[in-house]
Amino acid sequence: MTSTRISLETGRDWLITLVTSETFVYVGKRVLQALLTLLLASALSFFIIQLAPGDYVDTLRQNPKISPERIEELKRQFGLDKSWPEQFGLWLWRILTKGDFGTSFIYQRSVASLLWERVPATLLLAIASLIVTWAIAIPLGIFAAVNQNKLSDRVLQVISYAGQGFPSFITALALLVFAQITSPFFPVGSMTSIDHSELTWFGRILDIGWHMILPTIALSITSFAGLQRITRGELLDVLRQDYIQTARAKGLPENRVIYVHALRNAINPLITLLGFELAGLLNGAFIAEFFFNWPGLGRLTLQALQAQDLYLLMASLVMGAVLLIAGNLIADLMLKAADPRIRLENLN
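Calculation notes
- Residues numbered from 1 in each chain as written.
- Predicted model: local features only at pLDDT ≥ 70, side-chain atom pairs only at ≥ 80, totals over all residues.
- Heavy atoms only, no water.
- Helix = DSSP H or I, 4+ residues; strand = E, 2+ residues; numbered from the N terminus.
- Buried < 20%, exposed > 50% of the residue type's maximum accessible area, 1.4 Å probe, protein only.
- Contact = heavy atoms within 4.5 Å.
- Areas by Shrake-Rupley, 256 points an atom, 1.4 Å probe, with all protein chains shown as cover.
- Polar contact = N/O pair within 3.5 Å; in protein donor to acceptor, adjacent residues only side chain to side chain.
- Core = buried A, V, L, I, M, F, W, Y, C linked by side-chain atoms within 4.5 Å.
- Axes fitted to C-alpha atoms, helices over the stretch in contact; angles between N-to-C directions.
- Parallel < 35°, antiparallel > 145°, perpendicular 65-115°, else oblique.
- Left-handed = near helix turned anticlockwise from the far one by under 90°.
- Phe/Tyr/Trp six-rings, centres within 6.5 Å; stacked < 30°, edge-to-face > 60°.
- Salt bridge = Lys/Arg side-chain N within 4 Å of Asp/Glu carboxyl O.
- pLDDT = per-residue confidence, 0-100.
- Nonpolar A, V, L, I, M, F, W, Y, C, P; charged D, E, K, R; others polar.
- Expected span 1.5 Å × (residues − 1).
- Arc of directions from axis to C-beta.

So, the overall build of the protein chain
Stage number 1. A tally of helices and strands in the protein chain yields 13 helices and zero strands.
Stage number 2. Sorting the 348 residues of the protein chain into buried and exposed places 38% on the buried side.
Stage number 3. For the protein chain, contacts bridging at least 24 residues in sequence account for 74% of all contacts bridging at least 6.
Stage number 4. Within the structure as shown, the protein chain displays about 19,900 Å² of accessible surface, and the carbon and sulfur contribution to it stands at 66%.

Shown next, in the form of C-alpha cells:
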C-alpha cells in the first residue's frame, strides 16, 4: 500500500513537472498559435481560390454527354450550389467533427486518403535533401572559413554564388538531360521500378533510394549553396571573438578550437534556419516532383489547381502550412537542445 502511494505521488510529481516545464508550455502556446494561423490561412486560401472564374462543374458543361440535370446534381453533391461562406463553414465543420476533408472531384476519393498517400513521398524527398545539404554544406563552409581568402575559399564562393543564382527548373532540366545521356543508370519517373513488389525488403529500399538520387540533387543544389555561405560567414564571425584567441593562446589544438569552441557557437543561427530550409524544400519539391514524375504533394496540388478541385486543393495547402509550422517548431526545440542558455519564450 505504501509503495503504491509512493508510486502515485512520484507519477503526480512527474506530471506536474512536465506540465509546468518551459518546453511543454512553449509547445502548447505554439500549437494554439498554429491552430489560429491555420484557420486564417485556410480562410484566406479558400476565398482567393473562389475568386478564380468558374469551378470544377463549369468544366463539365463543355462535355455534351453530361446533361444539365447531372451537372446540377453534382453541384448539390459537392456543395457548390451554396455561397462561399457556407461552403467554407461546412468544409471546416466536417474537419472539426469528423476529420473529413471532403471528396476529391477528379479522383472521386477521400481527400484524406490521397494526402496520406502523397505526403510521405514529399517528406522523404525533402528530408533526404536536407540531410545531403547539411552533410555537404557544413563541412565545406568550415573549410572555406578556415582557409579564408585562399584559392579554395574563392573557388567555393564562386560555386555557392552560381548555385544560388541558378534557377531550380534549369537544374532539373540539366539533370534530366544527364539521365538521358547515362540511361538506364539513373531512373526517371515515379519512385519505384516496375518490379518493385517482387524485390526483397532491402531491394525495395535500394530501389526507392536509386530513384531519389536525381530529385534529391535537384532539390539540394540551391539550398547547399546558401547554407555553405551562411556557415562560412557565421564561423568567421566566431573565429574573430576574444575567447577563440584565448583558446589558441592556451595552446589548444586547432581542430579542438574550431570544432568544439567555434562551431558550437556558430551552429545556433544555422539551426534557426532549419525550419525555413524545410519549408523551402517542401515548396521547391514541387519542381522536382513535376520534372521527375515524383508522386508527392506538389504534383497533387498542381493537378488540383488545374482541375479546380476545391477540397483537394484546400487540403493540400493546409497540409503544406502544417509542415511549415512543424518545421519551425522542430527548429526551435533543436536550438534549445543545442544551447540550454536560450529561453524558448524569447523565440516567439
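Things to note about the side chain of Ser160
Stage number 1. Looking at the secondary structure, you find Ser160 in helix 7 (residues 151–165).
Stage number 2. A polar contact is formed between the side chain of Ser160 and the backbone oxygen of Gln157, at a distance of 2.8 Å.
Stage number 3. If near-sequence neighbours (up to four positions away) are discounted, Ser160 is found in contact with Ala225, Gln228 and Arg229.

So, the nonpolar core
Stage number 1. Core analysis: the biggest nonpolar cluster contains 31 residues, and Trp91, Phe101, Phe105, Val111, Leu115, Leu310 and Tyr311 have the highest contact counts within it.
Stage number 2. For this core, the secondary-structure elements that each account for two or more residues are helix 2 (22–50), helix 3 (56–60), helix 4 (68–78), helix 5 (84–98), helix 6 (111–146), helix 12 (297–307) and helix 13 (310–338).
Stage number 3. Broken down by element, this core gets its largest block of residues, eight residues, from helix 13.
Stage number 4. If near-sequence neighbours (up to four positions away) are discounted, Phe101 is found in contact with Trp91, Ile95, Val111, Ala112, Tyr311 and Ala315.
Stage number 5. Formed by 23 residues, the second largest nonpolar core is a distinct cluster that contains Ile138, Ile142, Leu236 and Ala247.

Let's talk about the packing of helix 6 against helix 7
Stage number 1. Look at helix 6 against helix 7: their axes get within 8 Å of each other, and the N-to-C directions meet at 135°. Relative to helix 7, helix 6 is oriented oblique. Between helix 6 and helix 7 lies a crossing whose hand is left-handed. Along the contact surface, helix 6 presents Leu140, Phe143 and Ala144, while helix 7 presents Ser152, Asp153 and Leu156.

Brief notes about the packing of aromatic side chains
Stage number 1. Overall, the coordinates contain ten aromatic pairs when judged by the stated rule.
Stage number 2. A ring pair is formed by Phe178 and Phe186, whose centres lie 5.4 Å apart and whose planes are at 40°; its orientation type is tilted.
Stage number 3. For Phe178, a relative accessible area of 38% corresponds to the partly exposed category.
Stage number 4. Taking the relative accessible area as the measure of exposure, Phe186 reaches 22% and is therefore partly exposed.
Stage number 5. Ring plane angle 75° and centroid distance 5.8 Å describe the contact between Trp201 and Phe202, whose orientation is recorded as edge-to-face.

Digging into the pattern of salt bridges
Stage number 1. Per the counting criterion, the structure on display carries four salt bridges.
Stage number 2. With a shortest N-O distance of 3.9 Å, Arg94 and Asp100 are connected by a salt bridge.
Stage number 3. Look at Arg94 and you get partly exposed, because its relative accessible area is 23%.
Stage number 4. A relative accessible area of 27% places Asp100 in the partly exposed class.
Stage number 5. Its salt-bridge partner being Asp237, residue Arg240 comes within 3.3 Å of it at the nearest N-O pair.
Stage number 6. Overall, the relative accessible area of 40% leaves Asp237 in the partly exposed class.

A word on the confidence of the model for the protein chain
Stage number 1. Considering every residue of the protein chain, the mean pLDDT works out to 79; 88% of them sit at 70 or more.
Stage number 2. Of all helices and strands in the protein chain, the one with the weakest mean pLDDT is helix 1 (residues 2–20) (49), whereas helix 6 scores best (86).

Some points on the packing of helix 7 against helix 9 (residues 201–239)
Stage number 1. Where helix 7 meets helix 9, the closest approach of the two axes is 8 Å, and the angle between their N-to-C directions is 135°. Relative to helix 9, the element helix 7 lies oblique. Of the two elements, helix 7 crosses helix 9, and the hand of that crossing is left-handed. Counting all contacts with helix 7, which are made through Asp153, Leu156, Gln157, Ile159, Ser160, Tyr161, Gly163 and Gln164, the residues of helix 9 involved are Ile221, Thr222, Phe224, Ala225, Gly226, Gln228, Arg229 and Arg232.
Stage number 2. Broken down by class, the residue content of the contact of helix 7 with helix 9 amounts to six nonpolar, seven polar and three charged.

Some thoughts on helix 5
Stage number 1. Here helix 5 spans 21 Å end to end across 15 residues, near enough to the 21 Å set by a 1.5 Å rise per residue.
Stage number 2. All buried positions along helix 5 are accounted for by Gln87, Phe88, Trp91 and Ile95. Each buried residue of helix 5 lies within a common arc of 95° when the element is viewed along its axis, so the set occupies one face. More than 90 degrees from the buried face of helix 5, the exposed residues found are Pro85, Trp93, Leu96 and Lys98.
Stage number 3. A positive backbone phi angle near 70° is found at Gly99, which sits one or two residues after helix 5.

Observations regarding unusual backbone geometry
Stage number 1. The backbone of Gln108 sits at a positive phi, close to 55°, despite the residue not being glycine.
Stage number 2. Relative to the assigned elements, Gln108 resides in the loop between helix 5 and helix 6.
Stage number 3. The phi dihedral of Asn293 is positive, around 55°, even though this residue is not glycine.
Stage number 4. By secondary structure assignment, the location of Asn293 is in the loop between helix 11 (254–291) and helix 12.
Stage number 5. A relative accessible area of 36% places Asn293 in the partly exposed class.

A word on the environment of Arg109
Stage number 1. The topology assignment puts Arg109 in the loop between helix 5 and helix 6.
Stage number 2. We classify Arg109 as partly exposed; its relative accessible area is 31%.
Stage number 3. C-alpha separation for the pair Arg109 and Leu312, spaced 203 residues apart in sequence, amounts to 9.8 Å.
Stage number 4. If we ignore the near neighbours within four places in the chain, the residues touching Arg109 are Gly102, Thr103, Ser104, Leu114 and Glu117.

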